[in-house]
Amino acid sequence: MIIMDFDDIVGQRVLVESLKNAIKRNMVANAYIFNGPKGSGKKTLADIFARAINCKGSDNKPCNLCSSCKKSIAGVNPDIMYIEPMGNSIKIEQIRKLISDVSVKPFENTYRVIVMKNADSMTIESQDAFLKTLEEPEGNNVFLLLTENYNALLPTIVSRCQVYNMVGLGKDDMKELLVKHGYKQGEELEIAIDNSNGIIGRALEILKDEGFKQLQNEYENILKQILEGSRVETLILSDKLLNSKEDGVKLLSFLLNFFRDILILKDLEDNKYIINKTVDFSLLKSYRDNMTEEELFEIIDNIKQTISSMEFNVSYKNSIDNLFLKILEVFNGKSSRSTV
Ligand SMILES: [Zn+2]
């Protein structure tokens, strides 16, 4: 999955416009509730909104380039906090710690954003304590409460929040979103949509088994061939996988995430921040150990260029083959010097 932006949120137009407006007018509220079933995209929306609030760019959406955005993407922004249930509920100790954590000024940004997952699992004791922080808002804290049923919260909490309900998605919106996630139109997609009740997370779960995993393995094989410096094998494998332009888009989005993941691994030795979670971790590490940051940026640039060239459709196969040769060149130019 590519790093998401407000534009990638499908089917929640009213909600998204309202959040963007709040940022534009510098009128971000003290507390929000994003309410909706599991898998409806609350967390994704909260991540984007949190990133946008702290973005140093001038737009009302995250630029994904400034220092704050980069840290948010890597999950290390000190001014974005996440709270989630310990066991079945959010306990009073957690709220006490939260209250003390938010009593100081944000570290690097104007605002501190606190994303509380399953906020409706706060115990009554927790809610009472939490209510006090809402009643006496201390400066620059923005609370994003994610709930499946906000009626489980005290009315006094709800009344201090702006409440947004995630809308269930129609079939077309769902299709658009899944294609953005790299899935191919067809029977498999239809089945997933039909069984998902308009909840994107559910559709993604259905799609995640077999077919998709198999494809990821094939992509990994290509990257292993590159690692071994096998030019012919690499091109044979890529040829086998590319039956349509759509296949190409999918492969490129995988590659983009793959190299972004390696870039993140350069700074953080933790697979928690990896986007392509199914990829063999040792493969990622081999690439990381054999490539410099400059080389990674160079390849990411090349992938992006290939993606945009596909829109004008020269020959997508040629574009992608050229990209692989480029990666081979960058990678093996180096490893043949340092190893063998
Ligand atoms: Zn930014």
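Worth saying up front: this structure is predicted, and the values here are computed from it rather than measured.

1. Observations concerning the pattern of salt bridges
This model, assessed by the stated rule, comprises 17 salt bridges. Here K71 ties to E108 by a salt bridge, and the two come within 3.0 Å at their closest N and O atoms. Here the residue K71 occupies a position in helix 3 (residues 67–74), and E108 occupies one in the loop between helix 4 (92–101) and strand 3 (112–116), the gap between them amounting to 37 residues. In this structure, K240 engages E218 in a salt bridge whose closest nitrogen and oxygen atoms are separated by 3.6 Å. Placement of the pair is K240 in helix 11 (residues 231–241) and E218 in helix 10 (residues 210–227), with a sequence separation of 22 residues. You can call K240 exposed: its relative accessible area is 51%. Salt bridges linked by common partners bring D5, D7 and K61 together as one network.

2. Examining the sheet that holds strand 2 (residues 80–83)
Pairing between the strands of a sheet comes from backbone hydrogen bonds, and it takes one of two forms, parallel or antiparallel. The strand order across the open sheet built from five strands is 2-3-4-1-5, with neighbouring strands paired in parallel fashion. Only two strands of the sheet have a single partner each, and these edge strands are strand 2 and strand 5 (162–165). Each strand of the sheet is rotated relative to its neighbour by a mean of 20°, with strand direction disregarded. As defined by bridge partners, strand 1 (residues 31–35) adjoins strand 4 (residues 141–147) across five bridges and the pair is classed as parallel. When the sheet's bridge partners are listed, I33 is paired in strand 4 with L145. Strand contacts of helix 1 (residues 13–24): strand 1 and strand 5, with the helix running at about 150° to strand 5, the strand carrying the most contacts.

3. Here's the deal with the coordination of the zinc ion
Around the zinc ion, the protein contributes the donor atoms C55 (SG), C63 (SG), C66 (SG) and C69 (SG), which lie 2.3 Å from the metal centre. If you look at the zinc ion, its four donor atoms make angles of 100 to 120° with each other, and the shape they trace is tetrahedral. When the donors of the zinc ion are listed by position in the chain, the intervening gaps give C-x7-C-x2-C-x2-C. Here C55 is found in the loop between helix 2 (42–54) and helix 3, whereas its partner C66 is found in the loop between helix 2 and helix 3, with eleven residues between them in sequence. The same class applies to C55 as to C66, namely buried.

4. As for the packing of aromatic side chains
Aromatic ring pairs are described here by two measures, namely the spacing of the ring centres and the angle between the planes. Taken as a whole, this structure holds twelve aromatic pairs when the rule is applied. Relative to F258, the ring of F254 has its centre 6.2 Å away and its plane inclined at 25°; by these criteria the two rings are stacked. On the criterion of helical spacing, the pair formed by F254 and F258 is a turn pair, its members being four residues apart in helix 12 (residues 245–267). Given the relative accessible area of 4%, F254 is considered buried. Given a relative accessible area of 0%, F258 falls into the buried group. Aromatic rings pair up to connect Y219, F254, F258, F259, Y287 and F331 into one cluster.

5. Digging into helix 8 (residues 187–194)
Listing the buried residues of helix 8 in full gives L189, A192 and I193. Buried residues of helix 8, viewed axially, fall in a sector of 100°; they line one side. Tucked into the core, helix 8 has its buried residues touching helix 7 (171–180) and helix 9 (200–208).

6. Considerations on the packing of helix 7 against helix 8
Orientation of helix 7 relative to helix 8, taken along the N-to-C sense of each, is 125°, at an axis distance of 10 Å. Of the possible angle classes, the one that applies to helix 7 and helix 8 is oblique. For the pair helix 7 and helix 8, the sense of crossing is right-handed. Contact with helix 7, carried on its side by K171, M174, K175, L178 and V179, involves L189, E190, I193 and D194 of helix 8 and no other residues of that element.

7. A look at the side chain of R112
Counting through the fold element by element, R112 comes out in strand 3. A distance of 3.1 Å separates the side chain of R112 from the backbone oxygen of K105, its partner in a polar contact. Each residue touching R112, except ones within four places of it in the same chain, is listed here: D79, M81, D101, V102, V104, K105, P106, N140, N141 and V142.

8. Digging into the confidence of the model for the protein chain
One rule of thumb: low pLDDT means the predicted coordinates there are not for detailed reading. Mean pLDDT over the protein chain: 86, with 93% of residues reaching 70 or higher. In the predicted structure, residues 335–340 sits below a pLDDT of 50 and forms three contacts with residues beyond four places in sequence or in another chain.

Rules used throughout
Residues numbered from 1 in each chain as written. Predicted model: local features only at pLDDT ≥ 70, side-chain atom pairs only at ≥ 80, totals over all residues. Heavy atoms only, no water. Salt bridge = Lys/Arg side-chain N within 4 Å of Asp/Glu carboxyl O. Helix = DSSP H or I, 4+ residues; strand = E, 2+ residues; numbered from the N terminus. Buried < 20%, exposed > 50% of the residue type's maximum accessible area, 1.4 Å probe, protein only. Pairing = 2+ DSSP bridges. Axes fitted to C-alpha atoms, helices over the stretch in contact; angles between N-to-C directions. Contact = heavy atoms within 4.5 Å. Donors = N, O, S within 2.8 Å, 3.2 Å for Na, K, Ca; no water. Tetrahedral: all angles 85-135°; square planar, octahedral: opposite > 155°, others 65-115°. Phe/Tyr/Trp six-rings, centres within 6.5 Å; stacked < 30°, edge-to-face > 60°. Arc of directions from axis to C-beta. Parallel < 35°, antiparallel > 145°, perpendicular 65-115°, else oblique. Left-handed = near helix turned anticlockwise from the far one by under 90°. Polar contact = N/O pair within 3.5 Å; in protein donor to acceptor, adjacent residues only side chain to side chain. pLDDT = per-residue confidence, 0-100.

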